[in-house]
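# Overview (structure and organization)
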Amino acid sequence: MGISLDSLRDKNLMQLKKLNIALFPVRYNDKYYADALSSGEFTKLGYYSDICVGAIACRLEKKEGGAVRVYIMTLGVLAPYRGLGIGTRLLNHVLELSSRQNISEIYLHVQTNNDDAIAFYKKFGFEITETIENYYTNITPPDCYVLSKLLPCVNSKK
Amino acid sequence: MGSSLPPKEANLFKVIVKSYETKQYKKGLKAADAILKKFPEHGETLSMKGLTLNCVDRKSEAYELVRRGLKNDLKSHVCWHVYGLLYRSDREYREAIKCYRNALKIDPDNIEILRDLSLLQAQMRDLDGFVETRQQLLTLKPNHRTNWIGFAVAHHLNSNSSKAVDILDAYEGTLEDDYPSENERCEHGEMLLYKVSLLEESGLLDRALEEMYKKEAKIVDKLSFKEQLVSILVKLGRKEEGEKLYKSLLQMNPDNYRYFVGLQKCLNLYCEDGLYTSEQVSQLDILYALLKEQYSWSYAAKRIPLDFLHGEKFQQAAENYVRPLLTKGVPSLFSDLSPLYDHHGKADILEQVFIELESSIRASGCFPGSEQKEPPSTLMWSLFLLAQHYERRGQYDIALIKIDEAIKHTPTVIDLYSIKGRILKHAGDLAAAAALADEARTMDLADRYLNSECVLRMLEADQMKKQELQYVDVKPVWMSSLWSILCLYKGSCHAPLMVVKAINPLCRCYMKLHDSPLKAAGGEDGDMSGLLPAQKRKLKQKQKKAEARAKKEAEEKGEEANSLGMSKTARRQQAKPVDLDPHGEKLLQVEDPLSEATKYLKLLQNNSSQSLETHILSFELNMRKQKILLAFQAVKQLLKLDENSPDSHRCLIKFFHRISSSASETETEKLISSVLEAERLNISQLHGNSLVEVNRDFLLRHKDSLMHRAAAAEMLYVLEPDKKHEALQLILETENNIAPVNGSLGPVRQWKIEECISVHKLLEEVFVSPESANSWKTHCAQYFPYSTYFEGLKSSLVTGLASYSMPENGDLSHQVGDGRTPNGNLHAFKDLSI
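Now for a quick tour of the structure. This one's a predicted model, so the numbers in the text were calculated from it and none came from an experiment. (Residues numbered from 1 in each chain as written. Chains lettered and ligands numbered in written order. Predicted model: local features only at pLDDT ≥ 70, side-chain atom pairs only at ≥ 80, totals over all residues. Heavy atoms only, no water.)

Our next topic: the overall build of chain B. Of the regular secondary structure elements, chain B holds 44 helices and zero strands. Relative to its full complement of 834 residues, chain B shows a buried share of 48%. Contacts in chain B between residues at least 24 apart in sequence constitute 57% of all its contacts with a sequence separation of at least 6. Carbon and sulfur atoms make up 54% of the accessible area of chain B, which amounts to about 41900 Å² in all. (Helix = DSSP H or I, 4+ residues; strand = E, 2+ residues; numbered from the N terminus. Buried < 20%, exposed > 50% of the residue type's maximum accessible area, 1.4 Å probe, protein only. Contact = heavy atoms within 4.5 Å. Areas by Shrake-Rupley, 256 points an atom, 1.4 Å probe, with all protein chains shown as cover.)

Okay, structure coming up:
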């Protein structure tokens, strides 16, 4: 059974919405979807034998000085389809794309009790760099970690 | 062309023609204006300018200019040709042909005009004319292959296949021996195959065969060659050779059902109705076991045995067939299996198979008896299959449970939403069905099928306003598909189902118009005055719906009427690119709705004479028109087609009741009644029986069927109006028995929702008995809890539509909203193991 990735477009935006409804106890606003759409290749839908079962959605952020960093807004795979390597494919895609484009920093927030997610990101070289208290409202625990990873530049500019 | 102009302008004229052909209309108009500046009355330029304007949607100017151009230069074949082209663009083909003919009077050998003329002659089925024109073209340019083939095709269409063969033979005679050259081989081969098919068609099988063997080397399309060859061999009874050929064809494509059927025919193992003897079944079983082995990739070899196997063997084969398709995820699996539901007992077996597969997957993640872990999607596809199974069984509540579970499992699969919509539709909740279809549509905005389906569901749910928004977008697709179907079927004897479907309601609308003309036309008339205000309102609503439908239908009809060469009136209704009559008001202002309806009825009678509906329409129409003998003809047809149908019964009783209650006065009427007296003897039901007795017999014969009881009750009321109460009891006392199929999850009942709705309408409109209608409604609401019509407790009317369209973005209560974190950043990785 094959795994494949596809870009997010306005025509299939509903697929991402359906995924998010199923995956997260959070309602995402229009800005989230606008950011996802404008991030281009940094947002991808993951397909398992032609069924859309997961997605990674990123936002590109300008740092002071003009450099760009990637913020992973969401990454998730539908429960029955976990453990098949789809999340890995999605994250690897973003990591590779980032280093190809000489982006040096990639980060995300994760709820402090989400051990599985933390372990998952650590495997890819992410480290906890900060703890923010009361980041979330309405869910417990309300605290989150900032996980980030610095990417080596592949081909330094001359 | 443009010959009367000085060189500079003559060149400009060429520019106009060239620009028209290359669709550079602006450039063409510029050039035309440049000429007209100097020669404002130049006929050909005026015409060409008009033709160009026609292409940029300035129709009225176009006609004006083309006509003025023609008036200024009546002797110009260009002006006439242009006039013809203009008419053709408006599908006024007869007018166009007249113009072409005038052009040809001036320039008889003009190839382009001849070619245009021949196309329209073919379009209008003027086949003799078509042959003549093609002959002229061939005489003018005998060195073009197309002209030979065109001439042959003309004769072929004109039912003269042998003449067509002669022409192709003559054409071959003009060729050198080393023909064809490398780049012409394909076309030449096609011509040869065409010739062979003509020979086959005219029954010259030996000659066809001889020709095939002789020309084999020159036929490039080897697949068609084999198909053609095997068809001839089988017709010649050479079955052994046929068998070999079919096997080699299966080697090329092991999923072509026709090859399997052909092979079976060669082995004398085929019958049309699929009712094989047990000996034949075991022979077929052996045959397909072999074929399965030989063509291991073939789905057809695994699917076909499901048609002839029974019992345990069927169960085995079905399970083996279904398993890999569930693993692979084939959304069309149920439609593939659905014909089996008409076979006795197979639905039960399938249900058992599906349930076993589902529970095994749920328990172990594997199919029964297998160690192989199934992919996660298999459970979803199994639920999807089960949902459709229960839908087919009429067990809508279970179907909905299954489909909802599938959606919860994988909420991104669009087919799940489409099917849920269909289940709700059949369960009677049209509004919810439309909501689901719309949800499916939003999930892939680029999918035209989903878009059309959504529009259809909204039309069904009468959500006209919403639908209008998208309608514009979809219409062209519908139209073109309808049109292309018609093109294909035109001239052949069976009408496409779609047209029949469209014409029927149209005729009924015309009849309704006749029965109760619009308020504007005649005010409140007798038909409505006896009704309660609420009913009047309902009637009007219904009329409005009918109007809307009539409009839509008529648009489609316009297209079709043209292509079939219908009357002028029909043509007037044709769908223009811009709908000039968006609310169908003009359409409703027909002077004589019945004669309009008659026109369409004729189409039906010509094209679908085997359908009950056609004759029911004919009956109702002719009764209204007082055409007694034509109505009687319809009754006879109905009895011949199906004397047990409730509608046939209705027409029979209504007819003779009407005859007996009207006295014949004039000579003609007396003549008619004597004809009917004689004919009456030929109708077995009526022998020595009064109509009341006929009706009673009918009831006794079909006392367990709702629709038959309703018909008998209605006729009882017609025959003996004072027995209204008895008639109503007949309907209300009908029992909704359990169907003789054994659903393992709850009983399946016999009543169909559409039937119950029509009974409700009967009670309301014919019996005009609000109490009975109401008690029927309450009664039906129990059986059809999802029905909005009956206001069932589970319908969206009661529960609210919101429950069917999920909130856009999940649960609001969990919103993350402290401004600092606009995008809740949660990562769904519980249980993640990589």
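On to the sheet that holds strand 2 (residues 44-48) of chain A, then. Residues and elements named next belong to chain A. The strand order across the open sheet built from seven strands is 1-2-3-4-5-7-6, with neighbouring strands paired in mixed fashion. Of all the strands in the sheet, just strand 1 (3-7) and strand 6 (127-132) have a single pairing partner and so form its edges. Ignoring which end each strand starts from, the neighbouring axes of this sheet average 25 degrees apart. With seven bridges joining them, strand 5 (residues 105-111) and strand 7 (residues 144-150) adopt antiparallel strand pairing. Bridged to His 109 within strand 7 is Val 146. Each of strand 3 (51-62) and strand 4 (68-77) is contacted by helix 2 (residues 30-38), which is oriented at about 90 degrees to strand 3, the strand it contacts most. (Pairing = 2+ DSSP bridges. Axes fitted to C-alpha atoms, helices over the stretch in contact; angles between N-to-C directions.)

For the rest of this paragraph, the subject is unusual backbone geometry. Here the amide bond leading from A:Thr140 into A:Pro141 is cis, since omega sits at -10 degrees, within 30 degrees of zero. For B:Arg91, which is not glycine, the phi dihedral falls at a positive 60 degrees. With respect to the helices, strands and loops of the structure, B:Arg91 is situated in the loop between helix 5 (77-89) and helix 6 (93-106). The residue B:Glu791 is not glycine, and still its phi comes out positive at about 55 degrees. If you trace the backbone, B:Glu791 turns up in the loop between helix 43 (770-783) and helix 44 (796-799).

All names here are of chain B. Two elements in contact, helix 3 (residues 43-55) and helix 5, have axes whose closest approach is 9 Å; the angle formed by their N-to-C orientations is 15 degrees. Of the possible angle classes, the one that applies to helix 3 and helix 5 is roughly parallel. The handedness of the crossing between helix 3 and helix 5 is left-handed. Contact residues: Gly 43, Glu 44, Ser 47, Met 48, Leu 51 and Asn 54 in helix 3; Val 78, Cys 79, Val 82, Leu 85, Leu 86 and Ser 89 in helix 5. Its residues placed into classes, the contact of helix 3 with helix 5 shows seven nonpolar, four polar and one charged. (Parallel < 35°, antiparallel > 145°, perpendicular 65-115°, else oblique. Left-handed = near helix turned anticlockwise from the far one by under 90°. Nonpolar A, V, L, I, M, F, W, Y, C, P; charged D, E, K, R; others polar.)

Residues and elements named next belong to chain B. An ideal rise of 1.5 Å per residue puts 20 Å on 14 residues; helix 42 (residues 753-766) measures up with 19 Å between its terminal C-alpha atoms. All of the buried residues along helix 42 are Ile 753, Cys 756, Ile 757, Val 759, His 760, Leu 762, Leu 763 and Glu 764. Looking one or two places after helix 42, you find Val 768, whose phi comes out positive at around 45 degrees. (Expected span 1.5 Å × (residues − 1).)

Residue and element names in this part refer to chain B. Taken N-terminus to C-terminus, the directions of helix 13 (residues 222-235) and helix 14 (residues 239-252) make an angle of 155 degrees; their axes are 9 Å apart at the nearest point. The orientation of helix 13 with respect to helix 14, classified from their angle, is roughly antiparallel. Along this stretch, helix 13 crosses helix 14, giving a crossing that reads as left-handed. For the pair formed by helix 13 and helix 14, the contact residues are Leu 223, Lys 226, Glu 227, Leu 229, Val 230, Leu 233 and Val 234 on the first element and Glu 241, Gly 242, Leu 245, Tyr 246, Ser 248, Leu 249 and Met 252 on the second. Looking at the contact of helix 13 with helix 14, its residues break down into nine nonpolar, two polar and three charged.

Our focus in this paragraph is the side chain of B:Gln228. Residues and elements named next belong to chain B. The topology assignment puts Gln 228 in helix 13. Polar side-chain contacts of Gln 228 include one of 2.6 Å to the side chain of Glu 200. Apart from residues no more than four positions distant in its own chain, Gln 228 is found in contact with Leu 193, Val 196, Ser 197, Glu 200 and Met 212. (Polar contact = N/O pair within 3.5 Å; in protein donor to acceptor, adjacent residues only side chain to side chain.)

Looking now at the nonpolar core. A:Ile72, A:Tyr81, A:Leu91, A:Tyr121, A:Phe126, B:Phe354 and B:Leu416 are the most contacted members of the largest nonpolar core, which has 163 residues in total. If one sorts the elements of this core by residue count, helix 22 (residues 377-393) of chain B sits on top with nine residues. Looking at this core, you find at least three residues from each of domain 1 (7-188) and domain 2 (238-298) of chain B. Setting aside anything within four residues of it in sequence, one finds A:Leu91 in contact with A:Ile56, A:Ile72, A:Leu75, A:Phe120, A:Tyr121, A:Phe124 and A:Phe126. Counting residues in each nonpolar core, the second largest holds 40 residues, with B:Leu29, B:Val78, B:Leu85 and B:Leu104 among its members. (Core = buried A, V, L, I, M, F, W, Y, C linked by side-chain atoms within 4.5 Å. Domains from an automatic or database assignment.)

Moving on: the packing of aromatic side chains. All names here are of chain A. Summed over the entire model, instances satisfying the criterion amount to 25 aromatic pairs over all chains. Relative to Tyr 33, the ring of Tyr 32 lies with its centre 4.7 Å away and its plane at 80 degrees, an arrangement referred to as edge-to-face. The class for Tyr 32 is buried, based on a relative accessible area of 0%. Residue classification places Tyr 33 among the buried positions, given a relative accessible area of 3%. (Phe/Tyr/Trp six-rings, centres within 6.5 Å; stacked < 30°, edge-to-face > 60°.)

Working definition: two side chains of opposite charge can pair if their charged atoms are close together. All names here are of chain B. Applying the stated criterion to the full structure yields 45 salt bridges over all chains. Note that Arg 650 is salt-bridged to Asp 647, the shortest N-O span being 3.2 Å. A residue pair is termed a helical-turn pair when its members lie 3 or 4 positions apart in one helix, as Arg 650 and Asp 647 do in helix 37 (residues 646-661) at three residues. Taking relative accessible area as the criterion, Arg 650 reaches 14% and is therefore assigned buried. Residue Asp 647 is classed as partly exposed on the basis of its relative accessible area of 29%. (Salt bridge = Lys/Arg side-chain N within 4 Å of Asp/Glu carboxyl O.)

All right, on to the state of the cysteines then. Residues and elements named next belong to chain B. Using the criterion set out here, one finds zero disulfides over all chains in the structure. You can see Cys 780 has no disulfide; the closest cysteine sulfur is in Cys 756, sitting 4.0 Å from it. Looking at Cys 780, the relative accessible area reads 0%, which means it is buried. (Disulfide = S-S within 2.5 Å.)

So, on to helix 19 (residues 311-328) of chain B. Residue and element names in this part refer to chain B. Spanning 18 residues, helix 19 covers 26 Å between terminal C-alpha atoms, matching the ideal 26 Å at 1.5 Å per step. For helix 19, the full list of buried residues reads Phe 314, Gln 315, Ala 317, Ala 318, Glu 319, Tyr 321, Val 322, Arg 323, Leu 325, Leu 326 and Thr 327. Residues of helix 19 that are buried in the fold lie against helix 17 (300-303), helix 18 (305-308), helix 20 (333-337), helix 21 (346-364) and helix 22. The positive-phi residue at the C-terminal boundary of helix 19 is Gly 329, with phi of around 85 degrees.

Here we come to the environment of B:Ala406. With respect to the helices, strands and loops of the structure, B:Ala406 is situated in helix 23 (residues 396-409). Residues B:Ala406 and B:Ala387 lie 19 residues apart in sequence; the distance between their C-alpha atoms is 8.9 Å.

This paragraph deals with the pairing of strand 7 of chain A. Residues and elements named next belong to chain A. Counting buried residues along strand 7, five of its seven residues qualify, which places the element largely inside the surrounding structure. Sheet analysis places strand 6 next to strand 7, joined by five bridges and oriented antiparallel. When the sheet's bridge partners are listed, Ile 128 is paired in strand 7 with Leu 147.

Time to look at the environment of B:Leu46. Residue and element names in this part refer to chain B. Note on placement: Leu 46 falls in helix 3. When its relative accessible area of 1% is taken as the criterion, Leu 46 is described as buried. Separated by eleven residues in sequence, Leu 46 and Ile 35 place their C-alpha atoms 9.4 Å apart. Setting aside residues no more than four positions away along its own chain, Leu 46 makes contact with Leu 36, Pro 40, Glu 41, Leu 65, Arg 68, Gly 69 and Asn 72.

The next point concerns the side chain of B:Asn622. Along the chain, B:Asn622 turns up in helix 35 (residues 612-624). With relative accessibility at 6%, the residue B:Asn622 sits in the buried group.

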